[in-house]
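Take a look at the letters that make up each chain.
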Amino acid sequence: MEKKRVLIIDDDVRNIFALTATLKAKGYECRSCQSAPEALDLLSADAVVDAVLIDMMMPDMDGYEAIPRIKNIPGRSNMPIIAVTAQAMVGDREKCLRAGATDYIAKPIDVDRLLALLSRI
């Protein structure tokens, strides 16, 4: 079976490190970007990515602005995008889904739930 490729977009290198280590241990290939503009460039350049994990609260461009832009890149409209956020307030999940996220997961990340979401890709 071919490894699934996940793009992690997060401005905190500690989060990138933890997610990458966890996902690689489960057989995923990981790429990362520390900003949404960097991720948009990578995705526009036809990088092979099966799913995106995006932090919703980043400087410059947050996930709410980035997700619709990702979906507008040719060939990316149906790519699974999982919103990752420390904002676990009432209504946050719905706000992420309205922005175009496929699903939502709160920090601290429940690894079993994350793996279950990624198993669908």
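Residues numbered from 1 in each chain as written. Predicted model: local features only at pLDDT ≥ 70, side-chain atom pairs only at ≥ 80, totals over all residues. Heavy atoms only, no water.

*Asks:* So what exactly am I meant to see when it comes to the packing of helix α1 (residues 13-25) against helix α5 (residues 111-118) here?
*Replies:* Packed helix pairs are specified by the crossing angle of their axes together with the interaxial distance, meaning the distance between the axes. Relative to each other, α1 and α5 sit at 60 degrees, their axes nearing to 12 Å. For the element pair α1 and α5, the recorded crossing hand is right-handed. Note on element contacts: α5 touches α1 through V111, L114, L115 and L118, opposite L19, T22 and L23. Its residues placed into classes, the contact of α1 with α5 shows six nonpolar, one polar and no charged. (Axes fitted to C-alpha atoms, helices over the stretch in contact; angles between N-to-C directions. Helix = DSSP H or I, 4+ residues; strand = E, 2+ residues; numbered from the N terminus. Left-handed = near helix turned anticlockwise from the far one by under 90°. Contact = heavy atoms within 4.5 Å. Nonpolar A, V, L, I, M, F, W, Y, C, P; charged D, E, K, R; others polar.)

*Asks:* It is not clear to me how α5 should be interpreted in this structure. Could you clarify?
*Replies:* Helical periodicity: at 3.6 residues per turn, an α-helix aligns residues three or four positions apart in one direction. All of the buried residues along α5 are L114, L115, L117 and L118. Relative to the axis of α5, the buried residues are bounded by an arc of 160 degrees and lie together on one face. Taken together, the buried residues of α5 touch β1 (5-9), α1, β3 (51-55), β4 (81-85) and β5 (103-106). Backbone nitrogen of D112 and a side-chain oxygen of the N-cap are separated by 3.1 Å at the start of α5; the cap is D110. (Buried < 20%, exposed > 50% of the residue type's maximum accessible area, 1.4 Å probe, protein only. Arc of directions from axis to C-beta. Polar contact = N/O pair within 3.5 Å; in protein donor to acceptor, adjacent residues only side chain to side chain.)

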